[in-house]
Amino acid sequence: MSVPTDRQYSAEHEWIIVDGNVATVGITEYASNALGDVVYTELPGVSEEVTAGEVCGEIESTKSVSDLYSPVSGAIQDVNEDLADAPELVNDDPYGKGWLFTVQVSELGELMDAAAYANHIGE
Amino acid sequence: MHEAPFSPLLNAHERVDARLTDFAGWQMPLRFESDLAEHQAVRTKAGIFDLSHMGQVEVSGPGAAQLIDHSFVGLSSTMEIGRAKYTMMVAEEGGVLDDLIVYRLAEAEFLVIPNGVNRTLVVDELTRRGGEGDTAVIDHTLSRALIAVQGPVAAEVLQGFVDIDLTQLRNYRCTSGFLTVAARTVPTLVARTGYSGEDGFEVSISANDAEDVWEALAAVEQVSRCGLAARDSLRLEAGLPLYGNELSAHTTPYDVGMGRLVHLDHDFVGREALRKRSEGEGTALIGLVGEGRRAARAGASVLQEGEPIGAITSGILSPTLGYPIAMAVVTEGTVEGQVVDVDVRGRTFPMEVVALPFYRRPKTT
């Protein structure tokens, strides 16, 4: 199970890379495996305000719908528009091409490093 | 050690890192690689499914045909040897206790295949309904395995292992024969039945032979191992009901469009209740299709001009068709082509009423 060390993680299985005051967010390989084939993503709108720890969207797989939580507070800067036609990117490349959205960060939520996340998922 | 009950193929599934799930108290594979890839494999080539959680119950003896007739809504005593029939067991009040397949293996021998979740109940009811009779009801499930081979090349694949001429085995027929796998010859009962909407077979074997048969089939290049997730999306496209979704003890066969299975002119448990229901009103099972990519899921409310008329019982984004499909149980009176509204997590989406099935396999010569 891949847990890249170049980023941080939330307890709800999101990853986050912070560059300056912009953060890129996605879900982890653990989460995308658990979901199964992703068929639809509902992402927040650009410039929408999101709050750390609160639901900001949904990820739907063949079997079920899961809430998507924002690991940070701030305003959505960008969303991954490739996912509309190719939601399977979340499964194929959850840490790269399967990114979900970017945020202009006003406040970070509770985050953990790769080692702590690996522990969290029982690795 | 695995806790009973468990499939004789559980080790084989663990060896390939299948994602397991609890199903009817058994650890069964939910998926091997990808739900969508497995679904696609069955529609284009062949998939194998471990169905060992499903019951294999023998009903035999001089009173067998009578017991079978008395226990199910259909008439089975008139079945020829080597025939299979889809039927239902209902309670005295008419609610469906299980939907299942009955095979006639001999004049006085039947094999009943209940759903895993209802197996012990069906065995108990068969025993109870037999009364003082001279009929044996024997649950062979834990010493057997059941493997489904489904898909357009299923016959070609299975023919490579079995001494039965599959070109002579028509739909809803069964026969016994032998499989040759891993340099051994093992006895089997093969039926041309399935739950996927494709051509296919359900192969019953001894638990001791299960791994050899499974691995031999899995090694065939055109065959994919398939789990319960794919099984569900395939059957929904084929418009087939699932006990626990469309069927339950709260619905009669008439309430889910299965009145044709009921033969009221023979004595069976639940007959009077069903006779009353057949003359009265209730609900209907409808197919719904939508646009976009969001599936309506089980439990979602169905509305006609703002008024709730029922609920979705199963729904997915159809992998084969590419749009949302759903089955719903609603008050009688909707018509094909009619548009209803479905509540999906607080928002309503239009869906159109269509005839089932959503998908029919292409006809081959």
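One can find the structure itself at the top, above this paragraph.
Just so it is clear, the structure is predicted and the values come from calculations on it, not from any experiment.

(A) Region of the structure containing the interface of chain B and chain A. Contact with chain B, which involves 16 residues of that partner, is made by 17 residues of chain A. Summed over the shared surface of chain B and chain A, the number is five salt bridges. In this structure, the salt-bridge partner of B:R297 is A:E60, at a minimum N-O distance of 2.8 Å. One can count 13 residue pairs in polar contact (both at pLDDT 80 or more) joining chain B with chain A. Elements represented by at least two residues in the side of chain B that touches chain A include exactly α2 (35–44), α7 (228–237) and β16 (307–317) of chain B. Considering each element in turn, the side of chain B that touches chain A owes the most residues, three residues, to α2(B).

(B) Layout of unusual backbone geometry. Residue and element names in this part refer to chain B. The step from L356 to P357 runs through a cis peptide bond, and the omega angle for that step is 5 degrees. By the secondary structure assignment, P357 is in the segment after β19 (347–354). Unusually for a residue other than glycine, A24 sits at a positive phi of about 55 degrees. Within the fold, A24 resides in the loop between β1 (19–23) and β2 (26–31).

(C) Expanded view of the packing of aromatic side chains. Residue and element names in this part refer to chain A. Taken as a whole and judged by the stated rule, the model has three aromatic pairs over all chains. Between W15 and Y95 the ring centres are 6.4 Å apart and the planes differ by 45 degrees, which places this aromatic pair in the tilted class. Taken together, the residues span a long stretch of sequence, with W15 in strand β2 (residues 14–19) and Y95 in the loop between α3 (89–92) and β9 (101–108) at a distance of 80 residues. Its relative accessible area of 2% is what places W15 among the buried residues. According to the relative accessible area criterion, Y95 is buried, its value standing at 13%. For R7, the ring lying beneath its charged end belongs to W15, and the centroid distance is 4.4 Å.

(D) Representation of the nonpolar core within the structure. In this structure, B:L158, B:L179, B:V190, B:F201 and B:L217 are the most contacted members of the largest nonpolar core, which totals 33 residues. Looking at this core, the elements with two or more residues in it are β3 (46–50), β9 (144–150), α5 (154–159), β10 (174–181), β11 (184–191), β12 (200–206) and α6 (210–218) of chain B. Broken down by element, the residue count for this core peaks at six residues, all from α6(B). Apart from residues lying up to four places away in sequence, B:L179 is in contact with B:L158, B:F161, B:V162, B:R184, B:T185, B:V186, B:T188, B:V203, B:I205 and B:V213. Judged by nonpolar contacts, the second largest core, of 23 residues, contains A:I76, A:L83, A:F101 and A:V105.

(E) Broad picture of the pattern of salt bridges. Counted by the stated rule, this structure contains 26 salt bridges over all chains. The shortest N-O distance in the salt bridge between A:R7 and A:D6 comes to 2.8 Å. Of the charged contacts in the structure, one is a salt bridge between B:E211 and B:R15, with a shortest N-O distance of 3.0 Å. Here the residue B:E211 occupies a position in helix α6, and B:R15 occupies one in helix α1 (residues 10–15), the gap between them amounting to 196 residues. Each of the salt bridges in this network shares a partner with another, and the network as a whole consists of A:E42, A:E58, A:E60, B:R294, B:R297 and B:R347.

What counts, and at which threshold
Residues numbered from 1 in each chain as written. Chains lettered and ligands numbered in written order. Predicted model: local features only at pLDDT ≥ 70, side-chain atom pairs only at ≥ 80, totals over all residues. Heavy atoms only, no water. Contact = heavy atoms within 4.5 Å. Salt bridge = Lys/Arg side-chain N within 4 Å of Asp/Glu carboxyl O. Polar contact = N/O pair within 3.5 Å; in protein donor to acceptor, adjacent residues only side chain to side chain. Helix = DSSP H or I, 4+ residues; strand = E, 2+ residues; numbered from the N terminus. Phe/Tyr/Trp six-rings, centres within 6.5 Å; stacked < 30°, edge-to-face > 60°. Buried < 20%, exposed > 50% of the residue type's maximum accessible area, 1.4 Å probe, protein only. Lys NZ or Arg CZ within 6 Å of the ring centre and 35° of its normal. Core = buried A, V, L, I, M, F, W, Y, C linked by side-chain atoms within 4.5 Å.

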